[in-house]
Structure formats: structure tokens, C-alpha cells
Amino acid sequence: MSGERTRSVIKRIIRQVGLECAAQGQSLSETLVAFMVKAVVLDPRNDFNMDQILTENEMQDLIQLCVTRLLDTTNPSLSTIKMQVYFDMNYANRDELLSEQERVLEGKLAPLVRAVTESGAHAQEMENAYQKIVTYALLRSGLGSPTDIGAVREVTAALQSVFPQTEMGTFISLSKKDKEQQLKDLAMLVTGIRLYNKQGQKGGSSIDDLPDILNRAIPLATRTLDERLNSCQLLAHRYTALLEAMQEDPHRSSQLSTFKLKEALFNVRQYEAFLCILQSNAITSAQEVESLDVQFEAAMMVLKNTVQDRTSIESKEVFPLFMELSKLWTCYQNEMLLLSFLTNMADNLQQFLEIQSQLFPEEMLTSLLEGVTVKSDEERIKETMGTRVNVSDFKNQEWLFPETTDNFDQLLIQYHGFCAHSIGVKGITLPGNPAIGILKHKEKYYVFSSKEAAYIFAQDPDKFIQLNVEKAKKYAELIQLLELRHQFEYLVPRAQAINAKKSSMKALPKCDSGTQTDTHILPPTIVRSYEWNEWELRRKAIKLANLRRKLTHAMQTDISHMRRENFTQAYLPKDVGTQTKRDNSSNVPKPQVFLQGLRGGSSPTTHMVAVDLTRPLDET
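Residues numbered from 1 in each chain as written. Predicted model: local features only at pLDDT ≥ 70, side-chain atom pairs only at ≥ 80, totals over all residues. Heavy atoms only, no water.

## A short note on helix H9 (residues 176-199)
Line of reasoning, step 1. Compared with an ideal rise of 1.5 Å per residue, which puts 24 residues at 34 Å, H9 spans 35 Å between its outermost C-alpha atoms and is within 8% of the ideal.
Line of reasoning, step 2. Backbone geometry just downstream of H9 places Gln201 in the positive-phi region, at approximately 60 degrees. (Helix = DSSP H or I, 4+ residues; strand = E, 2+ residues; numbered from the N terminus. Expected span 1.5 Å × (residues − 1).)

Below, the structure is given as C-alpha cells:
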């Protein structure tokens, strides 16, 4: 409940600040207001105790401080925060921008695709669907408008050459998924044909020459970015020199204390970081266009050699070439989109640097720099190239050097590559020199502007890291500039949430959890194909022998063309008998013996005679 209360309080503060700024004529985004609330709360000079729930008076003080800072248009810190919020909300890398563009295009074409895929088989409906396919191919390619009669005629002629209207019946019979895929393929084929015709000067008047436009626009955009980057870097070097002079000369410090030099330095450094990102993207686009020029010319040459003056050609031979041409042209269109996006971003970032000319006009800055030596970042790094830390001076710390570390240039340096010592101690952003040595502390890497700064920082790294965090609390724009957002993820610290929970009488939230352990960790060793029964083996052998004598037949007619494939298989009936046992019997003659003389006779002396009456075997 305390967490919900805290969130409701924060939302209330943000809403109130936004309303008061709007009443003063400043309409600000909720993201900017929320960031400013966070910055004011974190600033130790405002003395807000984050371990306690804000009282009503503290909330009003917080609201007034936020409104005052948001309405102070002369503060470079506000311009920097606005710049950071704008960049975070609008910038997207190549993949994100192109995927979003594809999503938007699919959304625009969705009603047209739905109308084509859901059309019926009646003649009028098929004719209307064909016209919608023409419109879809035109809009999908981005090469003209449906209101351009010439472009519509070109698309219609190209579509009829690969997909005549008589094929609409077959198209209607397809599934919805197959229809959508065929629509995309047809659009690519039509685009490739139009590009080929344009190359042969047989049409394509409404198609812009994107390769030529890009080859002229990208160098211009890169040159503009370089000029703006050099200009802001010169300002950063001047501000750095003035801040160093203030620390060395107390009189100059009192003279320049009223100027917001640190805020101005952070402003141009953030502008420089964003321009470097845009410049890197512009260089990538230039490389992509250079590669596309070679691929497009080669694809067009292969297509010309394939087609030549032939009146007929197999579709499987030429269709992939047209589709490859369309894919390359889509890449050109993507580069145009990216270039336009980068140019707009660079132009919109300019407004956040206008305060520099208001605070420090060229005449004033020139007079302030009298007697001050201005050094560029390259000059500072060059001065320290011959020095490096001695590893033997440190027992429990790890130092990395270019010649002893793999992928040295790819290490993730903390504080955006600025000196880890000068930020918290001097409050200025000096470029770090990795050649001096990179300190690895708690799996993080730190660079320094001089050998002396490296030795001082290495004596107690945690102390200076905390100093840098405190400096970021004082100047909230440093949170993003120094990439410290992971250390300021929550406006309300965990201690406040714990105290609020202790004061609540409700039960702690609970949740169900479960774990499961595999029954068999090792893979089974049972051979499932093993069979011990020889009669089962015999049955399988007979089955395989029978399958070898079976035939599979398939057929297709004009009506079933372009439909799914059908298969049928028949097994002829067979009579099979087997006998494993039989009943049999045998008959032998019954023995019979007759004894003569048992009954006596007329003679006084009687002899008993045995007569064998058993029948012979052959008679039985």
C-alpha cells in the first residue's frame, strides 16, 4: 500500500507541476516534468529527506522548485535535460526505425489486403480485386501515387505481363496466407519490371533516381554534422580552459562565478555525444549506399544479359532477377528514410544549443579567454601519450594496456570515456587517455586524463566513485551524460519503502512458488527399436517386402491447378494363410488269440492249443 501511496504522490506532484507551468505559458511533456522532479529531489542542496514520506509543505516546496527550474530559460542545465528527453523519446537505431516503418506500412495496406483476400469469385468482384492489386503494388513499392495516371498504367501493364486477369480465379481459390504472400511477390515483380523499364528509358518517369540523390545528400549531411561537431567541440574546449583557469586563479574564479560555465560545458558535451551517434549512423548509411550501388549495377547487368531482345523467357529464370532488383531498391528507400530521420534529428537538436550564444556571445567569450590557453581533446591526449602507470606500484589492482589486452578498443569505459578523477574533484569533463592505463575495479573500467589522476583515484576508487555520484545528484544532466542511469533507477529509495511497510498493519504480500527436478538427469539408454520376438521381426519383414511392391499414383487437372497437392495410396487385398499345428491319428489291429481245448473233449487226455486270430497290418 505504501508503494501505491508513493506513486500516487509522485503523480500528483508531476501533474501539479505541469499545470502550473502550463499556466505560465510553458506546455511541457510529462516525461520532462518527471525527470525534473527526480533531479530536484536528488539534488542535496534542496535538502529533501528521501527516507521519509514528504509532508504537505515539502510537497509544495518541491513543486515550486520544479516550476522555477522549468521556467528558467536562461539555465543551460534545463536545455540539456530537454535535449536528453527529446533524444530518448525520438531516437531509434537502424533496425528499430526500419521495423517501425514496415509496421506502419503494413498497417496502411491492411484494409487493401483484406479487401483483396476476402473478395468473392464473381466476375465483378474479381475485376475490382484486380484493380485493388494494382493499387497495392503501387503503394507497396512507393514508386508513385494512385492518382498518377501514368504510374497506374505502368503498374497495370507490368502486372498483366506476370499475372493476367484471367488468373484471378486461381488466385481466389488460394488460402488467405497464400494470397497475402502472392500479393507481396507480385508487388516485388512489378517494381522490378518498372525499374528495368526505367533503366531502358521505356517508362518510370515518376520514379526518382534514389542512388544519385543519396550520393549527393549523404556527403552533404555528413559535412553538416562535421561542422556542427567541430563548433560544439570548440566551445567545450573553451569552457574547459576557463574552468581550469578558475581553479588556478582565485581572482578569475570570483569574476566568473556568476556564469554557469559548468552547466554550459555539460550542455555542449551532451550535444557532442548525440552528434557523434548521428554521425556514426550517417557513415554507416554512406557505406551501405556504396555497397548497394555495386549490387544494383551488377543485378541490372545480369538482368539485361538474361532478357536482351528475347520475346519470351521462362518465368523461373527472370522472376528472381526482378525480385532481387526490387529488394535492392527497397534498401535504397530505407537509406533515404534513415537519412531524412538523421537530418531532422540533427536540426531539432540545434535548438537546445541556442542558449550558448545568449549566455556567452563571441565577444564576451573572447575577452574572458584572454591569457588562457585553450587545448583540444586531441592535444590533451597527445601530451600524455608518453606516460603510463607503473603496475608494480599497485598490489591489489588490475591495469589494462593495449599491448596486453585483447579487444582493448571494445572495453566498456565508464563515464562515457571521461576522466574518472576530474568529474568528482574538479567538476569538469576531461577526455581520458586509455594509453595511460585502464583501471579495472569491480568489473568496471576507468580511464584518466593524466598519470597523477590515475594514481590518486587508484588509492581509494570507491571514494571517488561516490564523489562522481554526488556530483551527478547536483547536476542531474550528468546522469545520462556519464551513463549513470543504472545508479538512479528509482526516485524513492528502498529504505523509504521498508519503513512504510513497517508502519503498515497489513500482512506482507505472499505468492505461490514451486520447483521441479528432472526425474532422469542422464539421457535414457533404452533402444526402442530392439525387438526380441522373432515372429514380430518376421511380421515387419513381410510388411517391408509388401511395401516395396506398392505403387503411389498422383494426378492433377486444370481445375486443381494452383491448389494444394493431393495424394492417394491403395493396398491390394490379399489372402494369406498359415498353419502351425495339425491333428493326426493311426489305427493298429487288435490282438486276438483263441485257446482250443478249454472246454474239454471226448478224449481223456486233452491238449490246449493257442490260435492267433490277429488280422495282418496290410488288411487294416
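## Overview of the side chain of Ser449
Line of reasoning, step 1. By secondary structure assignment, the location of Ser449 is in the loop between strand S3 (444-446) and helix H18 (451-459).
Line of reasoning, step 2. You can call Ser449 buried: its relative accessible area is 18%. (Buried < 20%, exposed > 50% of the residue type's maximum accessible area, 1.4 Å probe, protein only.)

## Focus: unusual backbone geometry
Line of reasoning, step 1. For Asn407, which is not glycine, the phi dihedral falls at a positive 55 degrees.
Line of reasoning, step 2. On the secondary structure map, Asn407 appears in the loop between strand S1 (398-400) and helix H17 (422-426).
Line of reasoning, step 3. Non-glycine residue Lys442 carries a positive phi angle of around 55 degrees.
Line of reasoning, step 4. Within the secondary structure, Lys442 is located in the loop between strand S2 (438-441) and S3.

## Points about the environment of Phe408
Line of reasoning, step 1. Looking at where Phe408 falls in the secondary structure, it is placed in the loop between S1 and H17.
Line of reasoning, step 2. As for Phe408 and Ile438, which are separated by 30 residues in sequence, their C-alpha atoms are 9.5 Å apart.
Line of reasoning, step 3. Phe408 has contacts with Leu400, Phe401, Pro402, Pro434 and Ile438, leaving out every residue within four places of it along the chain. (Contact = heavy atoms within 4.5 Å.)

## What about the confidence of the model for the protein chain?
Line of reasoning, step 1. For the protein chain, the average pLDDT comes to 84, and 89% of its residues sit at 70 or higher.
Line of reasoning, step 2. Segment residues 490-508 is flagged for pLDDT under 50; beyond a separation of four residues in sequence, or across chains, it makes 20 contacts in the model. (pLDDT = per-residue confidence, 0-100.)

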